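# Structural overview for review
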Amino acid sequence: MDKTVADLRKDYTLEGLSELEIDLNPFIQFRKWFDQAVSAQLPEPNAMTIATSTPDGKPSARMVLLKDFDERGFTFFTNYNSHKAQELAENPQAALVFWWAELERQVRICGYVEKVSEAESDQYFHTRPANSRLGAWVSNQSEVIESREVLERRMEEFKNQYENQEIPRPPHWGGLRVIPTEIEFWQGRSSRLHDRLLYSHLDNGSWNIQRLSP
């Protein structure tokens, strides 16, 4: 008999996570886990879910790619006219989730969001492949279009327009930085007794660490 959805389960047994092992700085701890995800050759270790909501509380979530992080926060790039960017303009709070299944790890980040500087957006934009830079002009992200052919036709038009020219960054495209107030590190453990360590940002700039029940 085939398994039902309810029958699907896995026992997590790889590692534990203790207060004695983690760094007091959550960004250093994130760097350690992120580097391990990269070293493990996980597919797109920088893929993350970002959840946003409208001012009246309607939530939405989607996958994006982390493109930079430091002690200022976690940065991704998008069309500022997209649904997620419009929601963040109205309600600048977001949650991020990284899921590294092969390592049985999850990182959850909550915080507020701001645009990065134009210089930062320019710098990243010019590292992108040419077709990706053109794509930022082609796509009116989140808007309804008639067909795939609309995109392909617009792509050819912009290729012709910028042939043998530098492709500028569209004014409606750039970076957003999630500035965390909470970062939770989750390590899967056997019998669903997972390890959960939560960093909460304090007014004095330091971080408080607490263990959460699974």
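Owing to the predicted nature of the structure, the values given are computational and were not obtained by experimental measurement.

Our next topic: helix α5 (residues 148-161). Its 14 residues give α5 an end-to-end C-alpha distance of 20 Å, which sits within 8% of 20 Å, the value for a rise of 1.5 Å per residue. Looking at α5, one finds that the buried residues are Val150, Met155 and Phe158. For α5, the angular spread of buried residues about the axis comes to 135 degrees, placing them on one side. Here the buried face of α5 lies against α4 (130-138).

Inspection of the secondary structure puts Gln187 in strand β7 (residues 173-187). With relative accessibility at 0%, the residue Gln187 sits in the buried group. In terms of polar contacts, Gln187 uses its side chain to reach the side chain of Arg105, at 2.8 Å. Apart from the residues within four sequence positions on either side, Gln187 is in contact with Glu15, Gly16, Leu17, Trp33, Leu103, Glu104, Arg105, His194 and Asp195.

This part covers the environment of Thr49. On the secondary structure map, Thr49 appears in strand β1 (residues 47-53). Distance in space between the C-alpha atoms of Thr49 and Glu71 is 20 Å, their sequence separation being 22 residues. Filtering out sequence-adjacent residues up to four positions away, Thr49 remains in contact with Ala61, Arg62, Met63, Ala95, Leu96 and Val97.

As a further point, take the nonpolar core. Ranked by internal contacts, the top residues of the largest apolar core, which has 33 residues, are Phe30, Phe74, Trp100 and Val107. At the level of secondary structure, the elements contributing two or more residues to this core comprise α1 (26-39), β1, β4 (73-79), α2 (83-90), β5 (93-100), β6 (105-115), β7 and β8 (195-201). In terms of residues, this core owes the most to one element, α1, which gives five residues. Apart from residues no more than four positions distant in its own chain, Phe30 is found in contact with Leu66, Phe69, Phe74, Phe98, Trp100, Val107 and Phe185.

Here the UniProt feature "domain: Pyridoxine 5'-phosphate oxidase dimerisation C-terminal" (unreviewed entry) sits at residues 173-214. Helix makes up 0% of residues 173-214 and strand 67%, with an end-to-end C-alpha separation of 39 Å.

The next subject is the pattern of salt bridges. Taken as a whole and assessed by the stated rule, the structure comprises 18 salt bridges. Ionic pairing is found between Asp70 and Arg72, a salt bridge with its closest N-O pair at 2.9 Å. A relative accessible area of 41% means that Arg72 is categorised as partly exposed. Across the salt bridge formed by Arg177 and Glu120, the nearest N and O atoms sit 2.6 Å from each other. Of this pair, Arg177 sits in strand β7 while Glu120 sits in helix α3 (residues 118-125); the two residues are 57 residues apart in sequence, bridging distant segments of the chain. With relative accessibility at 22%, the residue Glu120 sits in the partly exposed group.

A few words on the pairing of β1. Here β1 lies mainly inside the structure; five of its seven residues are buried. Here seven bridges tie β1 to strand β2 (residues 59-65), and the two strands are oriented antiparallel to one another. The partner of Met48 across the bridge, within β2, is Val64. With antiparallel pairing between neighbouring strands as the criterion, β1 and β2 make up a hairpin whose turn holds five residues, including Gly57 at a positive phi of roughly 95 degrees. In the sheet, β1 pairs with β5 via three bridges, with the strands oriented antiparallel. By the bridge assignment, Ala51 is partnered in β5 with Ala95.

Conventions adopted
- Residues numbered from 1 in each chain as written.
- Predicted model: local features only at pLDDT ≥ 70, side-chain atom pairs only at ≥ 80, totals over all residues.
- Heavy atoms only, no water.
- Helix = DSSP H or I, 4+ residues; strand = E, 2+ residues; numbered from the N terminus.
- Expected span 1.5 Å × (residues − 1).
- Buried < 20%, exposed > 50% of the residue type's maximum accessible area, 1.4 Å probe, protein only.
- Arc of directions from axis to C-beta.
- Contact = heavy atoms within 4.5 Å.
- Polar contact = N/O pair within 3.5 Å; in protein donor to acceptor, adjacent residues only side chain to side chain.
- Core = buried A, V, L, I, M, F, W, Y, C linked by side-chain atoms within 4.5 Å.
- UniProt positions renumbered as here; feature names shortened; annotations may be inferred.
- Salt bridge = Lys/Arg side-chain N within 4 Å of Asp/Glu carboxyl O.
- Pairing = 2+ DSSP bridges.

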